[in-house]
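# Architecture and fold: a report
Below are the chains, spelled out letter by letter.
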Amino acid sequence: MRYMTRRRFIETAALAGGAVLFAGLPGCASPQATPASSAETQSSSASSSVAAEKPASSSTSASSTAGKASPVYFTSTVDAAALQAVFAAIGQELGDGKIGVKLSSGEPGGNHYLQADLISDLVHAVDGTIVECNTAYGGGRGSTEAHYQVAADHGFTGIADFQIMDEDGSLALPVAGGTHLAENLVGAHFSDYDGFLVLSHFKGHMMAGFGGALKNISIGMASREGKFLIHSAGATNSSWQSAATPDFLESMADACRAVLDAQPNMLFVNVMNNLSVDCDCDSNPAPPKMADIGILASADPVALDQACVDLVYASDDDSADLIARIESRDGQHVLEAAEQLGVGIRAYELIEIS
């Protein structure tokens, strides 16, 4: 493994003109290796331009987490073996209970969602049941019956058991210290599970700027009513209302806090492929302009999403549209809000496995 903090990562990328890091290392076959150097702790004032024509990703906020950093594991290889290896590098297990694998089943018409053949081996390794919740906007996954059909069409029911967690309604989770939400409504079957592998496709998002682990456990685990509640910043759970973007992002962070308080046994993997500006909930997403970056994994969803955002900024590929999508929605505000609520920390050590 090679260790690198977020600050050092951005500085190195800037010196290299945004070149891909560790390009000479072999592909991911095993998570075991020796450290290339001792890990630095990221400064809370880190700020560095990754390329002259690209703005710098915002730095870690000053907080009580100063001096700490969460490990985030990375491989530039995107295949089934690499997915298992980077997950194993976390060095934690979800246990022998009933494990849910939370992913986006993908809107019909789109094809950027994580493919069944990519994730199958990892799902089997954790003996997982793939779980999802119905959408609030209608579309092909707005009803339980239609959603199960989409899951079958996209190959998920062919590799594992599959459950729509809100097929029997909602479960209310309290939000401790929430900015907007007093409760978060998740699928009623959330409590059936003893832990979750949160398997997210990192990409842009029309409303949140980007979607990764935090979106997957907030909007993704919310029931239909819960999605209404988050999007409206707590105003209603029965109809679609769009809150101001900062309030929406803060409500996502509130929901994350509730989910992790209720079930802390979660591990997180983000796959950075098919890097469209649009979400997998879009039936006609924009084609990706960027090449695939890799797979990242962590026990800290905030650090994980921050690392993914930083990799987009550090890329020398055509990342302008994705950066513009993130910045136009102030997408990193969800990272700030989640850190303030204690969901995780933005400082991280980027560790490439080989």
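Residues numbered from 1 in each chain as written. Predicted model: local features only at pLDDT ≥ 70, side-chain atom pairs only at ≥ 80, totals over all residues. Heavy atoms only, no water.

This part covers the overall build of the protein chain. For the protein chain, the helix and strand inventory stands at 10 helices and 13 strands. Across the 354 residues in the protein chain, those meeting the buried criterion constitute 56%. Once local pairs closer than 6 in sequence are excluded, the contacts in the protein chain between residues at least 24 apart make up 77%. Carbon and sulfur atoms form 47% of the exposed surface of the protein chain, whose accessible area is close to 12,800 Å². (Helix = DSSP H or I, 4+ residues; strand = E, 2+ residues; numbered from the N terminus. Buried < 20%, exposed > 50% of the residue type's maximum accessible area, 1.4 Å probe, protein only. Contact = heavy atoms within 4.5 Å. Areas by Shrake-Rupley, 256 points an atom, 1.4 Å probe, with all protein chains shown as cover.)

At D127, a residue that is not glycine, the phi angle is positive and equals roughly 50 degrees. By the element assignment, D127 lies in the loop between α3 (116–125) and β4 (128–132). With a phi close to 50 degrees, D330 is a non-glycine residue in the positive phi region. As for its placement among the helices and strands, D330 is situated in the loop between α9 (320–328) and α10 (333–340). Taking relative accessible area as the criterion, D330 reaches 44% and is therefore assigned partly exposed.

Below, the discussion takes up the packing of aromatic side chains. One pass over the full model with this rule turns up five aromatic pairs. A centroid spacing of 5.5 Å and a plane angle of 45 degrees characterise the contact between Y193 and F196, whose relative ring orientation is tilted. Each member of the pair, Y193 together with F196, is buried. The rings of F190, Y193 and F196 are connected pair by pair, giving a single aromatic cluster. Its end group placed over the ring of Y193, K98 keeps NZ or CZ at 4.8 Å from the ring centre. (Phe/Tyr/Trp six-rings, centres within 6.5 Å; stacked < 30°, edge-to-face > 60°. Lys NZ or Arg CZ within 6 Å of the ring centre and 35° of its normal.)

At 3.6 residues per turn, the α-helix brings residues three or four places apart onto the same side. Along α3, the residues classified as buried are A116, L118, I119, S120, L122 and V123. On its buried face, α3 is in contact with α2 (80–89), β3 (99–102), β4, β8 (195–201) and β11 (266–272).

Turning to α9, a few remarks are in order. Taken together, the buried positions of α9 are L322, I323, R325 and I326. Summarising the axial view, the buried residues of α9 lie within an arc of 160 degrees, below the 170-degree limit, and thus occupy one face. Elements in contact with the buried residues of α9: β9 (203–205), β10 (209–211) and α8 (301–314). Looking at the residues trailing α9, positive phi occurs at D330, about 50 degrees. (Arc of directions from axis to C-beta.)

This part covers the nonpolar core. Of all hydrophobic cores here, the largest spans 62 residues; its most connected members are F190, F196, I217, M221, M266, M272 and L296. With residues near it in sequence (within four places) discarded, M266 still touches L94, F190, F196, V198, I217, M221, V259, L260 and A299. (Core = buried A, V, L, I, M, F, W, Y, C linked by side-chain atoms within 4.5 Å.)

Below, the discussion takes up the pattern of salt bridges. One pass over the structure, following the stated rule, counts five salt bridges. Residues D261 and R257 are paired through a salt bridge, measuring 2.8 Å at the closest nitrogen-oxygen approach. Separated by four residues within a single helix, D261 and R257 lie in helix α7 (residues 245–262), roughly one turn from each other. Residue D321 is joined to K289 by a salt bridge in which the shortest nitrogen-to-oxygen separation is 2.6 Å. You can see D321 sitting in helix α9 and its partner K289 sitting in the loop between β11 and β12 (294–298), a full 32 residues away along the chain. (Salt bridge = Lys/Arg side-chain N within 4 Å of Asp/Glu carboxyl O.)

What follows concerns the confidence of the model for the protein chain. As a general rule, the predicted coordinates of low-pLDDT regions are not to be interpreted in detail. On average, residues of the protein chain score 84 in pLDDT, and 81% of them are at 70 or above. Per-residue pLDDT stays below 50 along residues 5–64; that stretch engages in 126 contacts with residues further than four places along the chain or on separate chains. (pLDDT = per-residue confidence, 0-100.)

Moving on, we come to the environment of S238. Considering the arrangement of structural elements, one finds S238 in the loop between α6 (224–231) and α7. Counting along the chain gives 11 residues from S238 to K227, while the straight-line C-alpha distance between them is 9.4 Å.

Moving on to a negative patch on the surface. Taken together, the side chains of E93, D96, D127 and D161 make up a negatively charged region of the molecular surface. The residue E93 is located in the loop between α2 and β3 in this model. Residue class for E93 comes out exposed when judged on its relative accessible area of 75%. (Patch = residues over 30% accessible without salt bridge, like charges linked within 9 Å, V, L, I, M, F, W, Y side chains within 5 Å. Lys, Arg positive; Asp, Glu negative; His and termini not counted. Charge placed at Lys NZ, Arg CZ, Asp CG, Glu CD.)

Moving on to the side chain of T236. With respect to the element layout, T236 can be found in the loop between α6 and α7. At 3.1 Å, the side chain of T236 and the backbone nitrogen of S238 are in polar contact. (Polar contact = N/O pair within 3.5 Å; in protein donor to acceptor, adjacent residues only side chain to side chain.)

Geometry of a packed helix pair, given as the angle between the helix axes and the separation of the axes. Running from amino to carboxyl end, α2 crosses α3 at an angle of 40 degrees, the nearest separation of the two axes being 7 Å. Compared by their axis directions, α2 and α3 come out oblique. Every pair of crossing elements has a handedness; the one defined by α2 and α3 is right-handed. Contacts from A80, L83, Q84 and F87 of α2 reach α3 at D117, L118, I119, D121, L122 and A125. Each residue belonging to the contact of α2 with α3 can be placed in one class, and the counts come to seven nonpolar, one polar and two charged. (Axes fitted to C-alpha atoms, helices over the stretch in contact; angles between N-to-C directions. Parallel < 35°, antiparallel > 145°, perpendicular 65-115°, else oblique. Left-handed = near helix turned anticlockwise from the far one by under 90°. Nonpolar A, V, L, I, M, F, W, Y, C, P; charged D, E, K, R; others polar.)

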